[in-house]
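# Working through the structure, step by step
This is what each chain is made of:
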Amino acid sequence: MDFLMSGLAACGACLFTNPLEVVKTRMQLQGELQAPGTYQRHYRNVFHAFITIGRVDGLAALQKGLAPALLYQFLMNGIRLGTYGLAEAGGYLHTAEGTLSPPRSAAAGALAGVMGAYLGSPIYMVKTHLQAQAASEIAVGHQYKHQVLPPQSWKVALAAAMVSGIAVVLAMTPFDVVSTRLYNQPTDSQGKGLMYRGMLDALRQTARTEGIFGMYKGIGASYFRLGPHTILSLFFWDQLRTLYHTYTK
């Protein structure tokens, strides 16, 4: 569960931070092995880079490399945080007296980090290649011609649906937990709930008593139920639209 939770959390954050990763990659490749003042600066600062990429490459370019970025975050953080969580749950971070051991914690964190980075490195390389791709007038660094998914491919719709499934389950699981508890709570003779006064009260009580993780109970089952549903719904919707436009021309 630690692997899944940490991986999904990292993927959710990646949806918002990937544009910054694109900007960072471009700025780090700008002027590679060239003396200052001898090359054209396409990106003067973070904000200028955002505007330039959006204007020349299009707004969608700010999410370049999103597919490998999500896979990288899920794999690296799932392994890193999940392995550390398992070590903590197994009691390996504590001494015989039950106190937390800083050397053991540092060793477990380092080992988990090395494992995640090693396994995620090939995916990070692909992500970097894709994020560096740019129109010739603002291109920096070597330009690889990778294409993860061909245009108009059903795989594009499938990948997009998988990403949206992660976003939906992260946003909706707390409300799903609350709705389940509201429906399942005991009632008095008038049919009024005995545990919660309503949705907001259920959210407040759950967060206060069980913490943030209590709001995400069953997230694994939610994704494996909601994820495929979202994926298949969007996938079939996109394919039906394609068929409609193909045969109505």
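Residues numbered from 1 in each chain as written. Predicted model: local features only at pLDDT ≥ 70, side-chain atom pairs only at ≥ 80, totals over all residues. Heavy atoms only, no water.

### Here we look at the overall build of the protein chain
- Of the regular secondary structure elements, the protein chain holds 7 helices and 0 strands.
- Going residue by residue from the N terminus, the α and β elements of the protein chain occur as α-α-α-α-α-α-α.
- Sequence-distant contacts, at least 24 apart, represent 69% of the contacts inside the protein chain between residues at least 6 apart.
- In the form shown here, the protein chain has an accessible surface area of approximately 15,400 Å², with 65% of it arising from carbon and sulfur atoms. (Helix = DSSP H or I, 4+ residues; strand = E, 2+ residues; numbered from the N terminus. Contact = heavy atoms within 4.5 Å. Areas by Shrake-Rupley, 256 points an atom, 1.4 Å probe, with all protein chains shown as cover.)

### Notes on the nonpolar core
- Of all hydrophobic cores here, the largest spans 18 residues; its most connected members are Leu-8, Cys-14, Leu-66, Leu-70, Ile-166, Leu-170 and Ile-219.
- When residues of this core are traced back to their parent elements, those giving at least two are helix H1 (2-29), helix H3 (66-89), helix H5 (154-184), helix H6 (199-210) and helix H7 (219-247).
- Formed jointly, this core draws a minimum of three residues from each of two domains, domain 1 (1-140) and domain 2 (153-248).
- Grouped together as the second largest cluster of nonpolar side chains are 10 residues, Val-23, Ala-49, Ile-138 and Val-140 included. (Core = buried A, V, L, I, M, F, W, Y, C linked by side-chain atoms within 4.5 Å. Buried < 20%, exposed > 50% of the residue type's maximum accessible area, 1.4 Å probe, protein only. Domains from an automatic or database assignment.)

### A short note on the pattern of salt bridges
- If you walk through the whole model with that rule in mind, you get 7 salt bridges.
- A salt bridge links Glu-21 to Lys-24; the nearest nitrogen and oxygen atoms lie 3.4 Å apart. You can see Glu-21 and its partner Lys-24 sitting in helix H1, 3 residues apart, about one turn around the helix.
- Residue Lys-24 is classed as partly exposed on the basis of its relative accessible area of 29%. (Salt bridge = Lys/Arg side-chain N within 4 Å of Asp/Glu carboxyl O.)

### Quick look at the side chain of Gln-30
- Among the structural elements, Gln-30 can be located in the loop between H1 and helix H2 (46-56).
- Residue Gln-30 is classed as buried on the basis of its relative accessible area of 11%.
- Those residues in contact with Gln-30 that lie beyond four places of it in its chain are Tyr-39, Gln-40, Arg-41, His-42, Tyr-43 and Val-140.

### Some points on the packing of aromatic side chains
- Considering all chains together, one arrives at 1 aromatic pair under this definition.
- The ring of Tyr-124 has Lys-127 sitting right over it, with the charged end atom 4.2 Å from the ring centre. (Phe/Tyr/Trp six-rings, centres within 6.5 Å; stacked < 30°, edge-to-face > 60°. Lys NZ or Arg CZ within 6 Å of the ring centre and 35° of its normal.)

### So, the confidence of the model for the protein chain
- Considering every residue of the protein chain, the mean pLDDT works out to 82; 87% of them sit at 70 or more.
- Per-element mean pLDDT across the protein chain ranges from 74 in H7 up to 93 in H2. (pLDDT = per-residue confidence, 0-100.)

### A short note on the packing of H3 against helix H4 (residues 102-132)
- Packing of H3 against H4 leaves a shortest axis separation of 8 Å and a crossing angle of 175 degrees. The angle between H3 and H4 places the two elements in the roughly antiparallel class.
- Here the residues of the contact of H3 with H4 sort into 18 nonpolar, 6 polar and 2 charged. (Axes fitted to C-alpha atoms, helices over the stretch in contact; angles between N-to-C directions. Parallel < 35°, antiparallel > 145°, perpendicular 65-115°, else oblique. Nonpolar A, V, L, I, M, F, W, Y, C, P; charged D, E, K, R; others polar.)

### Focus on the side chain of Thr-25
- With respect to the helices and strands, Thr-25 occurs in helix H1.
- In contact with Thr-25, other than residues within four places in its own chain, are Lys-127, Thr-128, Gln-131 and Ala-132.

### So, unusual backbone geometry
- In the Ramachandran plot, Leu-33 falls in the positive-phi region, its phi being about 55 degrees despite a non-glycine side chain.
- Among the secondary structure elements, Leu-33 is positioned in the loop between H1 and H2.
- Overall, the relative accessible area of 87% leaves Leu-33 in the exposed class.

### Section: H3
- In this model, H3 (24 residues) spans 32 Å end to end at C-alpha, consistent with the 34 Å of a helix rising 1.5 Å per residue.
- Within H3, the full set of buried residues consists of Leu-66, Pro-68, Ala-69, Leu-70, Tyr-72, Met-76, Asn-77, Gly-78, Ile-79, Gly-82, Gly-85 and Ala-87.
- Downstream of H3 by one or two residues, Gly-91 has phi in the positive range, about 80 degrees. (Expected span 1.5 Å × (residues − 1).)

### Here we look at H2
- All of the buried residues in H2 are His-48, Ala-49, Thr-52, Ile-53 and Gly-54.
- Residue Asn-45 occupies the N-cap position of H2, its side-chain oxygen lying 3.1 Å from the main-chain nitrogen of Phe-47.
- Positive phi shows up at Gly-58, right after H2, with a value of about 100 degrees. (Polar contact = N/O pair within 3.5 Å; in protein donor to acceptor, adjacent residues only side chain to side chain.)

### Considering a nonpolar patch on the surface
- On the surface, Leu-232, Phe-236, Leu-240, Leu-243 and Tyr-247 cluster together into a nonpolar patch covering about 580 Å² of accessible area.
- By the secondary structure assignment, Tyr-247 is in helix H7.
- The class for Tyr-247 is exposed, based on a relative accessible area of 69%. (Patch = residues over 30% accessible without salt bridge, like charges linked within 9 Å, V, L, I, M, F, W, Y side chains within 5 Å.)

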